[in-house]
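# Fold and contact review
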Number of protein chains: 2
Amino acid sequence: MPVGTVGTVKGLYLNQVKATGTDIILGNTYHLMLRPGAEQVAKLGGLHKFIGWNGPILTDSGGFQIMSLAKIRKITEQAAVFQSHIDGSRHELTPERAMDIQRLLGSDIQMQLDQCLEYPHTEKAAEEAMQLSLRWAERCRRGFGRQPGRGNFGIVQGGINERLRRESAEGLTSIGFEGYAIGGLAVGEGQDLMLRTIEITEPHLPIDQPRYLMGVGTPEDILESVARGIDMFDCVLPTRSGRHGQAFTRFGKINLRNAKHADDPRPLDAKSPCPAHSEYSRAYLHHLIRSGELLGMMLLSWANIAYYQSLMQGIRAAIAEGSFEDFRAATKEQWKRK
Amino acid sequence: MPVGTVGTVKGLYLNQVKATGTDIILGNTYHLMLRPGAEQVAKLGGLHKFIGWNGPILTDSGGFQIMSLAKIRKITEQAAVFQSHIDGSRHELTPERAMDIQRLLGSDIQMQLDQCLEYPHTEKAAEEAMQLSLRWAERCRRGFGRQPGRGNFGIVQGGINERLRRESAEGLTSIGFEGYAIGGLAVGEGQDLMLRTIEITEPHLPIDQPRYLMGVGTPEDILESVARGIDMFDCVLPTRSGRHGQAFTRFGKINLRNAKHADDPRPLDAKSPCPAHSEYSRAYLHHLIRSGELLGMMLLSWANIAYYQSLMQGIRAAIAEGSFEDFRAATKEQWKRK
């Protein structure tokens, strides 16, 4: 899922996003509640109409952004209380309000509110945050109520501890959700620990419902996580990296700021169906990025979303054909070729 | 002519630029000589190929940017010597080199190097800069040589003084160029003085060759200048204003930062053929601009280029029908309607 934090996938027109094969995009409760406000979006016809996207939208609940963005925050049994990173205004987000906001936005998949922890943290902190998230999960599920055609996902917490992850997963499945996310990863623990945590969590999730790894990751993270049973991802990496001059391609990651691209007339990938890959020379992209031009950010964000979607399409096709292991090996081999 | 300073019309894909009805875009010798360099562009196949534009390109000679952007500058009979605004490196631009650069870029209309003055200035300074620009015009014309299918324009200088403007225009026409520009305006003298200077200059320019008013301007500046005999314009205003949240429309200028747009579901102009005008609500544009999002800058830059081109198309059609005066009055009347 390309990330459309404040109601725009940064640097792309939504018809470009669609044309890369994107089915679903993500929006952020935290950002949208602060600006323009959930009631405001509802008054304007809901998030789909407001931004002009007629596919599904998943909204994150705000838990992660309160941890990573809010200036001051206090977590109580009742709610997360925090100061806006935009204007310092004070906000209280209860599990019930997080669900109200997502209903007002009209999102198709609504995440429970959870408590995210920075890494590293103590096991005691992980246990407390997991238990609180589980109690909030019950309140969110009640708050979600009946919304035909829409889904509500629980979020497994518990740090890197096997017992905590299992208890969280079991607690959530006994409440019952339309899908399950693994939260609290990709916060600095490194790929090895992240993958190990997926391995210890995944067996405790229903086999017939979507598993969503939140905030991940690099193309390699994605391949390895799919190998461990993950179905869904969201990440700002393709667009954020694009704005900073990095392109993801079939031939691995290419840093367009690098001087060696200055006189390279080749496109990023002549065989890609995405014009950002096939119709612009590396020399021109290098020039645009070095000059700080909007078009450089636009083209590389587009190229990266297109690459991520083609990677996911390749993964889905390989799984359907029973050849995922071959696909994983061949894809990683090709990344080395530049 | 939309301005593509460093080889990109800021915030737009060139196929969007084309689709607004744009025939010709502008590039800047000053910027392109500094980065990526004229020889570098030539090695990559010329500016058209480098940026992916197959219509005509006019390049400014650098005179204006040396006045407005370079850190330190010294003008001698021989050359303009200046420090790059990017890295402080020292450069010498002779009239001959200005033409070499434009030939290397492969531009279709190449401007002479001139000396621009800030406003206000003394009449003596205006006379000296005009005379130097005239001597440089001769050297540029020789440097341009024979380039079939391409044109070379002289630039009239002389401040706001009638005698100087006449002498400059007569001097240039006796050298003989494919077109004539009026330079040294829109530098702070105000619309009244600018229009008066056009009025005193225009009678001394050939009636059957293009007249180009450099760096102008607002839609009203354009209407009034066409009324005084100008054919061609370039200006950064549509894209620069777009990046700062201002939209030019049939209903005048609209500042999307203004809070009154926050809950306005109307598009900028439902009847415009440009999607940026017709498919996005003012409320969404307001949200994007207030959030500092790239898409806000992209949409308003696009909307503004589209409006400028539709204004020029309207002007051309009205002139062809002999109804320019009616068009001018009706257009100005409509700007008041918001």
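Scoring rules and cut-offs
Residues numbered from 1 in each chain as written. Chains lettered and ligands numbered in written order. Predicted model: local features only at pLDDT ≥ 70, side-chain atom pairs only at ≥ 80, totals over all residues. Heavy atoms only, no water. Phe/Tyr/Trp six-rings, centres within 6.5 Å; stacked < 30°, edge-to-face > 60°. Helix = DSSP H or I, 4+ residues; strand = E, 2+ residues; numbered from the N terminus. Buried < 20%, exposed > 50% of the residue type's maximum accessible area, 1.4 Å probe, protein only. Core = buried A, V, L, I, M, F, W, Y, C linked by side-chain atoms within 4.5 Å. Contact = heavy atoms within 4.5 Å. Pairing = 2+ DSSP bridges. Right-handed = clockwise from strand over helix to strand, strands pointing away. Axes fitted to C-alpha atoms, helices over the stretch in contact; angles between N-to-C directions. Parallel < 35°, antiparallel > 145°, perpendicular 65-115°, else oblique. Left-handed = near helix turned anticlockwise from the far one by under 90°. Nonpolar A, V, L, I, M, F, W, Y, C, P; charged D, E, K, R; others polar. 1 Å grid on protein atoms, 1.4 Å probe; cavity = no way out; pocket = protein on both sides within 12 Å on 5 of 7 lines; lining within 4 Å. Points joined across faces, edges and corners; volume = space filled by probe spheres on them. Buried area = accessible area lost by both parts, 1.4 Å probe. Salt bridge = Lys/Arg side-chain N within 4 Å of Asp/Glu carboxyl O. Polar contact = N/O pair within 3.5 Å; in protein donor to acceptor, adjacent residues only side chain to side chain. Least-squares fit on C-alpha atoms with pLDDT ≥ 70 in both.

## Notes on the packing of aromatic side chains
Each pair of aromatic rings is reported with the distance of its centres and the angle of its planes. The tally for this structure, following the rule as stated, stands at 12 aromatic pairs over all chains. Centroid distance A:Tyr30 to A:Phe82: 5.3 Å. Interplanar angle 40°. Geometry classified as tilted. Taken together, the positions of A:Tyr30 in helix H2 (residues 29-34) and A:Phe82 in strand E4 (residues 80-83) put the pair 52 residues apart, joining distant regions of the chain. When its relative accessible area of 1% is taken as the criterion, A:Phe82 is described as buried. Ring centres of B:Tyr280 and B:Tyr284 lie 6.3 Å apart, and the angle between their planes is 15°; this geometry places the pair in the stacked category. Here B:Tyr280 and B:Tyr284 have matching classes, each one buried. Of the aromatic side chains, those joined through ring pairs into one cluster are A:Phe50, B:Tyr280 and B:Tyr284.

## Description of the nonpolar core
Counting residues in hydrophobic clusters, the biggest one holds 108 residues, and the most contacted among them are A:Ile51, A:Leu299, B:Ile51 and B:Leu299. Apart from the residues within four sequence positions on either side, B:Ile51 is in contact with A:Tyr284, B:Gly7, B:Leu14, B:Ile25 and B:Ile57.

## Observations regarding the pairing of strand E8 (residues 179-182) of chain B
Residue and element names in this part refer to chain B. Of the two faces of E8, the one holding Gly179 and Ala181 and the one holding Tyr180 and Ile182 are both buried throughout. Relative to E8, strand E7 (residues 151-156) runs parallel, the two being bridged by four bridges. In the sheet register, Gly154 faces E8, and the bridge partner there is Tyr180. The β-α-β motif built from E7, the intervening helix H8 (residues 162-175) and the parallel element E8 has right-handed crossover chirality. In this sheet, strand E9 (residues 211-213) lies alongside E8 in parallel orientation, the contact comprising three bridges. From the neighbouring strand, Ile182 faces E9, where its bridge partner is Leu213. Between E8 and its parallel partner E9, the chain crosses via helix H9 (residues 191-201), and the hand of that crossover is right-handed.

## Points about the packing of helix H10 (residues 219-227) of chain A against helix H15 (residues 324-335) of chain A
All names here are of chain A. Close contact between H10 and H15 brings their axes to 11 Å; oriented N to C, the two are set at 165°. If you check the angle between H10 and H15, you find them roughly antiparallel. In this structure, H10 crosses over H15, and the sense of that crossing is left-handed. Judged by residue contacts, Pro219, Glu220, Leu223, Glu224, Val226 and Ala227 of H10 engage Phe324, Phe327, Arg328, Thr331, Lys332 and Trp335 from H15. Within the contact of H10 with H15, the residues separate by chemical class into seven nonpolar, one polar and four charged.

## Re H9(B)
Listed as buried for H9(B) are B:Met194, B:Leu195, B:Thr197, B:Ile198, B:Ile200 and B:Thr201. In this fold, the buried residues of H9(B) make contact with E7, H8, E8, E9 and helix H10 (219-227) of chain B.

## Some thoughts on the sheet that holds E9(B)
Residues and elements named next belong to chain B. One open sheet holds the seven strands; their spatial order is E1-E2-E6-E7-E8-E9-E10, and the pairing between them is parallel. Each having just a single partner strand, strand E1 (25-28) and strand E10 (232-233) make up the two edges of the open sheet. As paired elements, strand E6 (residues 109-111) and E7 share three bridges and run parallel to each other. Each residue of the ladder has a partner; that of Ile109, found in E7, is Gly151.

## Examining the layout of surface pockets
What the largest pocket holds in volume is close to 1,100 Å³. For the lining of the largest pocket, the secondary structure elements donating two or more residues are helix H1 (14-19) and helix H4 (47-51) of chain A together with helix H1 (14-19), helix H4 (47-51) and helix H12 (275-278) of chain B. Grouping the amino acids of the lining of the largest pocket by side-chain chemistry returns 22 nonpolar, 12 polar and eight charged.

## Regarding the interface of chain A and chain B
Of the residues lining the interface, 34 residues belong to chain A; the matching set on chain B comes to 34 residues. For the pair chain A and chain B, the summed buried area comes to about 2,900 Å², and 61% of that belongs to carbon and sulfur atoms. Considering only the side of chain A, the residues that lose the most area to chain B are A:Tyr13, A:His287 and A:Leu294, jointly responsible for 23% of the buried surface there. Summed over the shared surface of chain A and chain B, the number is four salt bridges. A salt bridge links B:Asp263 to A:Lys43; its shortest N-O distance comes to 3.7 Å. For the pair chain A and chain B, the number of links is 14 residue pairs in polar contact (both at pLDDT 80 or more). At the level of secondary structure, the elements contributing two or more residues to the side of chain A that touches chain B comprise helix H3 (38-43), H4, helix H13 (282-290) and helix H14 (294-321) of chain A. With six residues, the single largest contributor to the side of chain A that touches chain B is H14(A). Residue composition of the side of chain A that touches chain B, grouped by class: 20 nonpolar, seven polar and seven charged.

## Structural notes on the relation of the copies chain A and chain B
When chain A is brought onto chain B, the operation consists of a screw motion whose angular component is 180° and whose axial shift is 0.0 Å, with 0.0 Å RMSD remaining. Seen this way, the second copy is the image of the first under a two-fold rotation axis. Of the C-alpha atoms belonging to chain A, the one lying closest to the rotation axis is found on A:Leu294, 3.9 Å away. Of the interface residues in chain A, 100% have counterparts in chain B that sit at the interface too, so the contact is made through matching surfaces.

## Describing unusual backbone geometry
Most of the time, phi is negative for any residue but glycine, and the peptide bond is trans. All names here are of chain A. Of note, the amide linkage connecting Val216 to Gly217 takes the cis form, showing an omega dihedral of 0°. Summarising the element assignment, Gly217 is placed in the loop between strand E9 (211-213) and H10. For Ala186, which is not glycine, the phi dihedral falls at a positive 55°. Under the relative-accessibility criterion, Ala186 is labelled partly exposed at 38%.

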